[in-house]
Amino acid sequence: MVLAIGVLGGGLAVVTLRNIIHSAVAMMVCFGSLAGMYALLGAPIVAAAQVLIYLGAISVLILFAIMLTQAGDANLPEPFHRQGPIAAIVSAIAAGLVIWAALATDWGLAVQTVAVNLEALATALFDQYALPFEIISLLLLAAIIGAIFLARRPEEDERAN
Amino acid sequence: MGIGAYLTVSALLFAIGAFGFMARRNAILMLICIELMLNAVNLSLVAFNAYQPGGALNGAVFSLMIMAVAAAEATVGLALVIAIIRTRQTAEVDQYDDLKE
């Protein structure tokens, strides 16, 4: 319950706060609470991955991007588009439909949580899911090369030629 | 808490992310909102996996792979945003209107 409040409060703070640095910190609160939820659901390995990847890597990446691009918080612009109210209505309707579907469904046997067996997970990851695993590593390599290429300064480009 | 409660939290988080993506004007914040939506999907996958009788592992494996893809997406997305901000000197997406003419 506390974790749910952390997740949803953090998420709401992300989209409503005016200063984007505050939004990034609220995002870290949200991701940390999600890691707690994964641990509660009997998946500590997913919780550990969440802490490592989201709290560790992606949060720092986003904070660095904000530091590199924001010129200071002197005059913060209006945070929302004109279509803000419509967006709120649409997403509220979508959430209502999904929640209605989730609560109205009879989940049958799904009454208690089953903890993830770490050894079985490792075997599945490198046996049944070996090909996706390798494709993911290739994708990450491509992402690194693409990010370096995109974020390179144009001046270096001219000097190289 | 049953599976319905976890799915409710997941749906609400996804809606918050979708709202932020549609309503906010800052490009970096739109990327953060994409991360929120990916995390909402991850939460529902892990919840389905945990409540599945028989101890299947597909949900946990899928969520780990989604995290890797999300990391790749965040890297490339932030690099794109930094490149755009460097040329346009603004992070407001409604001023990226070069293709309008």
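See above for the structure.
Presented here is an overview of the structure given in this document.

## Structural notes on the overall build of chain A
And step 1. Across its full length, chain A holds seven helices and zero strands.
And step 2. Listed N to C, the secondary structure of chain A is α-α-α-α-α-α-α in terms of helices and strands.
And step 3. Out of the 161 residues belonging to chain A, those deemed buried represent 24%.
And step 4. In chain A, once contacts between residues fewer than 6 apart in sequence are set aside, the share between residues at least 24 apart is 55%.

## What to know about helix α2 (residues 27-51) of chain B
Given 3.6 residues per turn, any residue in an α-helix points the same way as the ones three and four places further on.
And step 1. The end-to-end C-alpha distance of α2(B), which contains 25 residues, comes to 37 Å, matching closely the 36 Å that a straight helix rising 1.5 Å per residue would cover.
And step 2. Counting buried positions along α2(B) yields 21 of 25 residues, so the element is predominantly enclosed.

## Focus: the interface of chain A and chain B
And step 1. Each partner contributes to the interface: chain A provides 69 residues, whereas chain B provides 59 residues.
And step 2. At the level of secondary structure, the elements contributing two or more residues to the side of chain A that touches chain B comprise α1 (2-16), α2 (20-40), α3 (44-69), α4 (84-104), α5 (118-126) and α6 (130-151) of chain A.
And step 3. When residues of the side of chain A that touches chain B are assigned to their parent elements, the largest contribution, twelve residues, is made by α3(A).
And step 4. Broken down by class, the residue content of the side of chain A that touches chain B amounts to 58 nonpolar, eleven polar and no charged.

Analysis parameters
Residues numbered from 1 in each chain as written. Chains lettered and ligands numbered in written order. Predicted model: local features only at pLDDT ≥ 70, side-chain atom pairs only at ≥ 80, totals over all residues. Helix = DSSP H or I, 4+ residues; strand = E, 2+ residues; numbered from the N terminus. Buried ≥ 20, exposed ≤ 12 C-beta atoms within 10 Å, placed from the backbone. Contact = placed C-beta atoms within 7 Å. Expected span 1.5 Å × (residues − 1). Nonpolar A, V, L, I, M, F, W, Y, C, P; charged D, E, K, R; others polar.

Geometric values such as these leave the question of function open.
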